[in-house]
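# Summary of the model geometry
Chain residues, written in single-letter form:
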Protein chains: 2
Amino acid sequence: MQTEEEILKIKKVKNTAVRTVVLRHLLSLEKAQSLKDIENALPYTDRSSIFRTLKTFEENKVIHSIEDGSGMTKYAVCAEGCNCDPKDLHYHFYCTNCDKTFCLFDVPIPNIQLPKNFKLQQANMVVKGLCDNCNR
Amino acid sequence: MQTEEEILKIKKVKNTAVRTVVLRHLLSLEKAQSLKDIENALPYTDRSSIFRTLKTFEENKVIHSIEDGSGMTKYAVCAEGCNCDPKDLHYHFYCTNCDKTFCLFDVPIPNIQLPKNFKLQQANMVVKGLCDNCNR
DNA sequence: GCATTTACCGCAACTCGATTGCAAAGATTA
DNA sequence: TAATCTTTGCAATCGAGTTGCGGTAAATGC
Ligand SMILES: [Mn+2]
Ligand SMILES: [Mn+2]
Ligand SMILES: [Zn+2]
Ligand SMILES: [Zn+2]
């Protein structure tokens, strides 16, 4: 597991206090976080600073965003070597019981046979249901 | 192709003026529509009435909603026989050039091998890229 | 080191899609 | 018809996201 500093260095994002604390927070949780989640967890850091940090992170592929249908965009740290290309596509799971959203890095995404002449650039794949913890 | 009246009858939704015109509008376009799209297209119908109509339609599986990442929820009429179950899952395509979002009913969704003890209920699968019209 | 430029941060205000309270109008039932 | 339930339109509100701006800090040039 890389440290915040290593990640920011690799992705060529300048290290600042806010960026370090936001990235550290995202790394510390397996669950994708919303802006509000982060804001609540880091009460001394301003919302707009967190917001701009997330934008910067996303532009530089430190994190990727997930639209899970909850009304709030969630953010998760990219896997090592991720370039946010089609090859880095993976499912996300949203648990309808515990509200947890996370990356399913280990579930293979099959080839998507788009209609003739369509070009794939990106995807937002959210699978919804019960996580192992809630399905008992 | 079923008429509005037939669809509402099958789905056991009472037929009203607003419902008929909203459903007719959705049926007339192949592209998924946002609340604002519909509002603009039906200037004499109130936004909140359209909003509540869409909620009613969704609850009764007349339509389904799509979070395409554009910031506005889009709505599309369910296919005949659709129950909004996992078996009715299909991809949606969002064209990053022309902003058109639509159902890919003909692209098969492969089995998703969720981790052990996870239960699939629903999914929001949005593939993004260039549609055939924009990819030239 | 010191002045200048650039980037980042915090605060407050604002945008805009979504949602709700409420009363009037319409439909259904007794 | 009278009572009841549903739908509709209007206005207000909510809330996630976004932006303007002035202050602070970091980087750059001399
Ligand atoms: Mn992910
Ligand atoms: Mn669809
Ligand atoms: Zn769960
Ligand atoms: Zn297009």
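Right, let's walk through the structure included here.

What counts as what
- Residues numbered from 1 in each chain as written.
- Chains lettered and ligands numbered in written order.
- Predicted model: local features only at pLDDT ≥ 70, side-chain atom pairs only at ≥ 80, totals over all residues.
- Heavy atoms only, no water.
- Core = buried A, V, L, I, M, F, W, Y, C linked by side-chain atoms within 4.5 Å.
- Buried < 20%, exposed > 50% of the residue type's maximum accessible area, 1.4 Å probe, protein only.
- Helix = DSSP H or I, 4+ residues; strand = E, 2+ residues; numbered from the N terminus.
- Contact = heavy atoms within 4.5 Å.
- Buried area = accessible area lost by both parts, 1.4 Å probe.
- Salt bridge = Lys/Arg side-chain N within 4 Å of Asp/Glu carboxyl O.
- Polar contact = N/O pair within 3.5 Å; in protein donor to acceptor, adjacent residues only side chain to side chain.
- Near = heavy atom within 4 Å.
- Nonpolar A, V, L, I, M, F, W, Y, C, P; charged D, E, K, R; others polar.

Core analysis: the largest hydrophobic core is formed by 32 residues, its most contacted members being Y91 and F93 of chain A together with Y91 and F93 of chain B. Counting only elements with at least two residues in this core, the list comes to strand 4 (91-95), strand 5 (101-104) and strand 6 (119-130) of chain A together with strand 4 (91-95), strand 5 (101-104) and strand 6 (119-130) of chain B. Discounting residues that sit within four places of it in the chain, F93 of chain A has contacts with K100, T101, F102, L104, V127, K128, G129, L130 and C131 of chain A together with L114, F118 and K119 of chain B.

The next point concerns the side chain of T45 of chain A. Structurally, T45 of chain A can be placed in the loop between helix 3 (35-41) and helix 4 (47-59). Those residues in contact with T45 of chain A that lie beyond four places of it in its chain are V18, V21 and I50 of chain A.

Of the residues lining the interface, 31 residues belong to chain A; the matching set on chain B comes to 31 residues. When the area that chain A buries against chain B is broken down by residue, the three leading residues are N117, F118 and K128 of chain A, summing to 19%. Taken together, the connections running from chain A to chain B amount to zero salt bridges. The interface formed by chain A and chain B holds 14 residue pairs in polar contact (both at pLDDT 80 or more) in total. At the level of elements, strand 4, strand 5 and strand 6 of chain A are the ones that each hand at least two residues to the side of chain A that touches chain B. Counting residues per element, the side of chain A that touches chain B draws most heavily on strand 6 of chain A, which supplies 12 residues.

Turning next to the protein's contact with DNA strand D. In the region of DNA strand D, 20 residues are neighbours, and K36, F51 and T73 of chain A together with T16 and R52 of chain B sit closest. Between DNA strand D and the protein, one listed contact pairs a phosphate oxygen with a backbone N or O atom of V18 of chain B at 3.5 Å. Between DNA strand D and the protein, one listed contact pairs a phosphate oxygen with a side-chain N or O atom of S49 of chain B at 2.9 Å. Looking at which element gives the most residues to the surface near DNA strand D, the answer is helix 4 of chain A, with five residues. Here the surface near DNA strand D is built from residues that sort into five nonpolar, six polar and nine charged.

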